[in-house]
Number of protein chains: 2
Amino acid sequence: MQAKEPRAQFHRAPADERRLALIEACAATLARKGVHGTSVREICATAGVSPGLLRHYFSGIDELVADTYAAIGAQVQAALNDAVEAADPTPEARLIAYLTASFAPPIADADLLSTWLAFWSLTRTDAKIARLHDEIYAENRITLERLLDAHAPGSDHRLTAIALTALVDGLWLELSLGNAPFTPDEATALAARWLAALLPRI
Amino acid sequence: MQAKEPRAQFHRAPADERRLALIEACAATLARKGVHGTSVREICATAGVSPGLLRHYFSGIDELVADTYAAIGAQVQAALNDAVEAADPTPEARLIAYLTASFAPPIADADLLSTWLAFWSLTRTDAKIARLHDEIYAENRITLERLLDAHAPGSDHRLTAIALTALVDGLWLELSLGNAPFTPDEATALAARWLAALLPRI
DNA sequence: TCTCTTGTTATACAACCGTATAACAGGGAA
DNA sequence: TTCCCTGTTATACGGTTGTATAACAAGAGA
């Protein structure tokens, strides 16, 4: 004699709220389970929602992943901008703040890196993710070039921005990947040193 | 009336050869299809072999992926060492050769990066991959420290090695990810500049 | 030429995948 | 309080996943 299970209770949420919850669950799942372990069912379980609901808000899992990349990218850029605004208002302090924010929370975060790595790897497979990657990195580069121009007006900062981004990314990567044989403070000092080498005092 | 298909022809290969073929097929599949698209059947199809054979040489797909990481890691390290040996025998030339080899084939390669990104992302999920990552990066760091010590004996090169590795990794990443707004030559020049800044002439 | 080992294929299996569909019920509108 | 819309759940489907198993045949040894 099998008693029929009653249908689970639920509550109706505003569309924005549900979309955000699914995006956050997607990011968390990518971080904790990797690309391989991220499925519709896993994401929806994390969001505390039945699997079918995903397709009520997104055309499919690929769209959710892309939207998640866009959201996380905007979130990182916002954290970088916050660090700049919180710094002393001199051009140099703002520049240093932008560069070294990557070595402190919320950017130096193991889960964020895991999610980011998943996106990087998808870049080679998924054309939409690749396009988002280009947009996100272009915006980051433009912001950095603007800060460089405020500090040392007039010259072309394209290569300088590339050089700084590469070092910061490399340090952030090893730092957040775990077991890195250096501290955030050392990373900060290296970034400042690289900046000084690239922009010698006139 | 269905004619029974005859069983496919095959030839028996030495164990080493088959293992290598499967490892190469695994790397190629990770590069072209990503983690998501890499399955037992896909790998074996690439290797031109029936799906069951994978488990004759490896305990499962996870072991094959780990062995592939080890093989690719050794291959990269060998390419770096080759570049050093091909350089002029001065300590400085050997050091520069080691650093800039990442911006030329076979290391600056889109497929290699794709595979490498897949491994990076697995680092957070798979403990065996994480251990391999630590070993590979430790060996890379030790080699670099040795080259640094030959060039500037006596001092502690731990942080210098970290700084150089981070910049080279960051440049290699953006370069191989595609659409990078800089050339391999510019990357080489930046690496040399960073080295000069870190090791000022006495 | 024949035999025997074993590398290889073929097939089966349960579990999972993303998606489609229909039944249900939460909760605002009347 | 009642109604009705629709956000949500439940279930089903075909396809794919990793792995287990048995049948087969390649090719070396006798």
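All of these numbers come straight from a predicted model, not from anything done at the bench. (Residues numbered from 1 in each chain as written. Chains lettered and ligands numbered in written order. Predicted model: local features only at pLDDT ≥ 70, side-chain atom pairs only at ≥ 80, totals over all residues. Heavy atoms only, no water.)

A. Examining the protein's contact with DNA strand D more closely. Taken together, 25 residues surround DNA strand D, and among them Arg18(A), Tyr57(A), Arg12(B), Arg41(B) and Arg55(B) come closest. Backbone atoms, meaning sugar and phosphate, make up 60% of the atoms of DNA strand D lying within 4 Å of the protein. Ser50(A) places a main-chain nitrogen or oxygen 2.8 Å from a phosphate oxygen of DNA strand D. Tyr57(A) has a polar side-chain atom sitting 2.5 Å from a phosphate oxygen of DNA strand D. If you list the elements that add at least two residues to the surface near DNA strand D, you get helix H3 (54–57) of chain A together with helix H2 (40–47) of chain B. Its residues assigned to classes, the surface near DNA strand D shows nine nonpolar, eight polar and eight charged. (Near = heavy atom within 4 Å. Polar contact = N/O pair within 3.5 Å; in protein donor to acceptor, adjacent residues only side chain to side chain. Helix = DSSP H or I, 4+ residues; strand = E, 2+ residues; numbered from the N terminus. Nonpolar A, V, L, I, M, F, W, Y, C, P; charged D, E, K, R; others polar.)

B. Geometry of the protein's contact with DNA strand C. Looking at DNA strand C, there are 24 residues lining it, with Arg12(A), Arg41(A), Arg55(A), Arg18(B) and Tyr57(B) nearest. Counting only atoms of DNA strand C within 4 Å of the protein, the sugar-phosphate share comes to 60%. The separation between a phosphate oxygen of DNA strand C and a polar side-chain atom of Ser39(A) is 2.9 Å. Interatomic distance of 3.1 Å between a backbone N/O atom of Ala8(B) and a phosphate oxygen of DNA strand C. Going through the elements one at a time, helix H2 (40–47) of chain A together with helix H3 (54–57) of chain B are the ones with two or more residues in the surface near DNA strand C. Each residue belonging to the surface near DNA strand C can be placed in one class, and the counts come to nine nonpolar, seven polar and eight charged.

C. Here's a closer look at the relation of the copies chain A and chain B. Superposing chain A onto chain B takes a rotation of 180° plus a shift of 0.0 Å along the axis, which leaves an RMSD of 0.1 Å. Overall, the copies show the geometry of a two-fold rotation axis. (Least-squares fit on C-alpha atoms with pLDDT ≥ 70 in both.)

D. Main features of helix H6 (residues 110–123) of chain A. Counted at 1.5 Å a residue, the expected span for H6(A) with its 14 residues is 20 Å, and the 20 Å between its end C-alpha atoms agrees. Judged by how many residues are buried, H6(A) sits mostly within the fold: twelve of 14 residues are covered. Taken together, the buried positions of H6(A) are Leu112(A), Leu113(A), Ser114(A), Thr115(A), Trp116(A), Leu117(A), Ala118(A), Phe119(A), Trp120(A), Ser121(A), Leu122(A) and Thr123(A). Buried residues in H6(A) make contact with helix H1 (15–33), helix H4 (61–86), helix H7 (127–151) and helix H8 (158–177) of chain A together with helix H6 (110–123) and helix H8 (158–177) of chain B. (Expected span 1.5 Å × (residues − 1). Buried < 20%, exposed > 50% of the residue type's maximum accessible area, 1.4 Å probe, protein only. Contact = heavy atoms within 4.5 Å.)

E. Quick peek at the interface of chain A and chain B. On the side of chain B, 39 residues touch chain A, which itself brings 39 residues to the contact. When chain A packs against chain B, close to 3,600 Å² is buried across both sides, 64% of that on carbon and sulfur atoms. Contact with chain B buries area across many residues of chain A, yet Arg124(A), Leu177(A) and Trp194(A) alone supply 17% of it, more than any other trio. Scanning the region where chain A abuts chain B turns up four salt bridges. With a shortest N-O distance of 3.7 Å, Glu174(A) and Arg141(B) are connected by a salt bridge. Our count for the chain A to chain B interface comes out at twelve residue pairs in polar contact (both at pLDDT 80 or more). Elements supplying a minimum of two residues to the side of chain A that touches chain B: H6, H7, H8 and helix H9 (184–198) of chain A. No other element matches the twelve residues that H8(A) contributes to the side of chain A that touches chain B. Residue composition of the side of chain A that touches chain B, by class: 21 nonpolar, ten polar and eight charged. (Buried area = accessible area lost by both parts, 1.4 Å probe. Salt bridge = Lys/Arg side-chain N within 4 Å of Asp/Glu carboxyl O.)

Spatial relationships are all this shows, so hold off on functional conclusions.
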